[in-house]
Amino acid sequence: MTYHPGFANHIATEAVTGALPIGRNSPQRVPFGLYAEQLSGTAFTAPRAENRRSWLYRLRPTANHGAFVPYVGASHLQSAPIDTPPSPNRMRWDPLQLPSDPTDWVDGLVTYGATGDVAAQSGVGVHLYAATKDMDRAFFSSDGELLIVPQQGALAIDTELGRIDVAPLQIALIPRGVRFRVKLPDGQARGYVCENYGSLFRLPDLGPIGANGLANPRDFETPSAWFEDSDAPCDVIQKFQGGLWITTLDHSPFDVVAWHGNLAPCRYDLTRFNTINTVSFDHPDPSIFTVLTSPSETPGTANCDFVIFPPRWMVAEDTFRPPWFHRNVMSEFMGLVTGAYDAKEGGFAPGGASLHNQMNGHGPDQASYEKAVAADLKPHRIADTMAFMFETRHVVRPTAWAMATPTMQLDYDDVWTGFAKAQLPG
Ligand SMILES: O=C(O)Cc1cc(O)ccc1O
Ligand SMILES: [Fe+2]
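Just so we're clear, the structure is a prediction, and the values are computed from it rather than from any experiment. (Residues numbered from 1 in each chain as written. Chains lettered and ligands numbered in written order. Predicted model: local features only at pLDDT ≥ 70, side-chain atom pairs only at ≥ 80, totals over all residues.)

> When you look at the overall build of the chain in this model, what are you seeing that I'm missing?
Of the regular secondary structure elements, the chain holds two helices and 28 strands. By the compact-globule yardstick of 22 Å for 426 residues, the chain fits well, its C-alpha radius of gyration being 22 Å. Overall size of the chain, expressed as C-alpha extent along the three principal axes, is 90 × 45 × 40 Å. Expressed as a percentage of contacts within the chain between residues at least 6 apart in sequence, the contacts between residues at least 24 apart total 78%. (Helix = DSSP H or I, 4+ residues; strand = E, 2+ residues; numbered from the N terminus. Rg over C-alpha atoms; globule rule 2.2 N^0.38 Å. Contact = placed C-beta atoms within 7 Å.)

> Got a minute to help me understand the confidence of the model for the chain in this structure?
The predicted coordinates of low-pLDDT regions are not to be read in fine detail. Chain-level pLDDT for the chain is 97 on average; 100% of the residues reach the 70-or-more range. Both scores are available for the predicted complex, with the pTM at 0.98 and the ipTM at 0.99. (pLDDT = per-residue confidence, 0-100.)

> How should the domain arrangement of the chain be read in this particular structure?
Often the size quoted for an interface is simply the accessible area lost on bringing the parts together. If you check the domain split of the chain, you get domain 1 (66-255 + 262-269) and domain 2 (271-408). Inter-centroid distance (C-alpha atoms) of domain 1 to domain 2 is 23 Å. Contact with domain 1, which involves 50 residues of that partner, is made by 49 residues of domain 2. Only β6 (91-93), β7 (109-117), β8 (122-131), β10 (145-152) and β15 (189-196) provide two or more residues apiece to the side of domain 1 that touches domain 2. For the side of domain 1 that touches domain 2, the element with the most residues is β7, which contributes seven residues. Residue composition of the side of domain 1 that touches domain 2, by class: 26 nonpolar, 17 polar and seven charged. (Domains from an automatic or database assignment. Nonpolar A, V, L, I, M, F, W, Y, C, P; charged D, E, K, R; others polar.)

> Honestly, the environment of glycine 335 in this entry has me stumped. Any pointers?
Among the structural elements, glycine 335 can be located in strand β24 (residues 331-339). C-beta crowding within 10 Å serves as the criterion here: with 26 such atoms nearby, glycine 335 is assigned to the buried category. With 329 residues separating them in the primary sequence, glycine 335 and glycine 6 have C-alpha atoms 26 Å apart. Those residues in contact with glycine 335 that lie beyond four places of it in its chain are Val149, Tyr192, Ala353 and Phe388. (Buried ≥ 20, exposed ≤ 12 C-beta atoms within 10 Å, placed from the backbone.)

> Whenever I open this one, the nonpolar core confuses me. Can you help?
It is characteristic of soluble globular proteins that their nonpolar side chains tend to be buried jointly. Among the nonpolar cores identified, the biggest contains 100 residues, and Tyr57, Leu147, Val257, Phe306 and Phe388 are the most heavily contacted of them. Each of domain 1 (66-255 + 262-269) and domain 2 (271-408) gives at least three residues to this core. Setting aside residues up to four positions removed in sequence, tyrosine 57 forms contacts with Ala19, Leu20, Val30, Leu34, Ala36, Val256, Val257, Ala258 and Trp259. (Core = buried A, V, L, I, M, F, W, Y, C linked by C-beta atoms within 7 Å.)

> Is there a simple way to think about the sheet that holds strand β21 (residues 290-295) in this case?
Backbone hydrogen bonds hold the strands of a sheet together, and the pairing may be parallel or antiparallel. In space, the six strands of this open sheet follow the order β6-β25-β24-β27-β22-β21, with antiparallel pairing throughout. Taken across any chain shown, the strands that pair with only one partner, and hence form the sheet edges, are β6 and β21. Averaged over all neighbouring strand pairs, the angle between strand axes comes to 10 degrees, with direction disregarded. Sheet topology places β24 next to strand β27 (residues 385-392); eight bridges connect them, and they run antiparallel. The residue bridging phenylalanine 333 from the neighbouring strand is phenylalanine 390, located in β27. (Pairing = 2+ DSSP bridges. Axes fitted to C-alpha atoms, helices over the stretch in contact; angles between N-to-C directions.)

> Could you clarify how one ought to interpret the site of ligand 1 in this entry?
All residues in the neighbourhood of ligand 1 are listed as His283, Pro286, Pro323, His326, Asn328, Glu332, Ala343, His356, His362 and Met389. Among the residues making up the shell around ligand 1, the classes are represented as four nonpolar, five polar and one charged. (Near = placed C-beta within 6 Å.)

> Explain the sheet that holds strand β4 (residues 53-58) here, please?
Ordered by their spatial adjacency, four strands build an open sheet running β2-β19-β4-β3, and the pairing between neighbours is antiparallel. Of all the strands in the sheet, just β2 (11-14) and β3 (35-40) have a single pairing partner and so form its edges. Taken over all neighbouring pairs, the strand axes of this sheet differ in orientation by 20 degrees on average, direction set aside. For β3 and β4, the ladder comprises six bridges, and the chain directions are antiparallel. In the strand pairing of β4, leucine 39 is matched with serine 54.

> In this structure, what is going on with the pairing of strand β19 (residues 256-261)? I would like to understand it.
Side chains on a regular strand alternate between the two faces of the sheet. Here β19 lies mainly inside the structure; five of its six residues are buried. Two strands pair when backbone bridges link them, and β2 and β19 are joined in this way by four bridges, in the antiparallel orientation. Residue pairing in the sheet places threonine 13 in a bridge with tryptophan 259 of β19. Alignment of β4 against β19, held across five bridges, turns out to be antiparallel. Across the sheet, residue serine 54 finds its bridge partner in β19, namely glycine 261.

Okay, here's the thing in structure tokens:
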């Protein structure tokens with residue numbers, strides 16, 4: 001498997017020499033009788049800097065399929081708007097358990113919450129997955145791009161535009177509409193998915209940081225063209241406006257022999273993140289750890305930011321080093337890939353999740369607080385950690401499933417109930 005470095009670069013790739021038309025997108029006769037097809041990730045008229053599309057050259061056009069019918073499977077996938085009431089309460093969940101029956105990646109997806117409105121192309125869906133079986137069918141979301149954060153087990157993702165291998169500490173980003181199937185080299189896998197209904201994820205501006213730092217573009221990797229020439233039937237499941245639909249093709253959907261453009265799946269290794277932090281005092285806002293951002297119409301107020309808390313040196317002087325107590329106009333869904341998170345001494349396990357919605361007080365648990373105020377502030381490396389946050393301007397509504405699952409920690413408030421009252425002089 002070969003990859004091309006760069007984020008949303010214009011790439012030209014062919015799995016068969018001579019398959020890619022030169023100098024035009026849609027010649028009268030495409031080499032080998034391939035079908036030329038445009039995949040648009042932004043409106044045709046989106047400004048050039050925003051515009052994302054690719055041209056695919058395939059054995060058959062995607063349009064060559066029968067009707068989709070509703071998918072009747074054990075799916076726990078949902079979309080915004082969620083019909084259960086929003087809750088101001090802070091929530092936390094133990095890890096999602098592996099299913100007892102053989103379950104592939106698509107049936108292993110469970111929606112914990114969603115926000116915005118899938119029909120209005122704003123907001124996100126937040127899913128976790130727990131899977132034990134390779135997919136032998138294809139899946140795509142018409143509702144949003146998928147940011148996949150593996151937590152346990154590698155994923156071998158075959159997509160129409162190439163194959164991506166990812167493991168925990170890496171992420172994959174799959175554009176809206178791109179069909180893919182997930183295989184499990186380790187036999188089982190768990191992780192998180194942000195389904196972004198809004199504007200496409202991109203690298204954040206760096207402002208005074210300068211031209212380099214945080215996630216550097218060249219560390220994103222886009223696969224070369226790959227295809228399979230198979231006339232065996234293949235089920236394709238589509239998520240469309242929250243519902244799941246299925247059709248059966250009489251051929252493989254993975255039949256793109258060549259493609260070019262700047263809309264394609266990619267992967268990124270989170271350990272390549274160039275972490276920037278204070279070298280004087282005060283814990284900076286977590287926006288300093290933004291990997292990718294999906295802007296909204298309001299500058300600086302994201303539809304969704306993907307923020308990580310990677311291993312790093314803590315050197316701040318006269319500073320409460322962990323995340324401070326706070327209330328945020330943005331809503332925060334967090335997960336933990338590995339290790340421990342510096343604001344939570346207990347209860348936030350790798351594979352677990354938490355939700356702190358708009359304006360609701362949260363921050364270090366009491367044990368983290370006591371430890372931090374007592375600490376001798378020598379340089380200290382937080383070595384084994386990788387937490388992340390999907391932070392959104394829209395309030396996340398938990399699903400009925402997430403509210404009812406036994407993995408929900410009903411005593412989560414208690415991590416903040418024991419604080420001693422401050423003592424004023426006199
Ligand atoms: O709530 C959290 O743990 C996430 C978070 C981390 C941080 O360093 C500062 C603010 C913030 O919301
Ligand atoms: Fe927070």
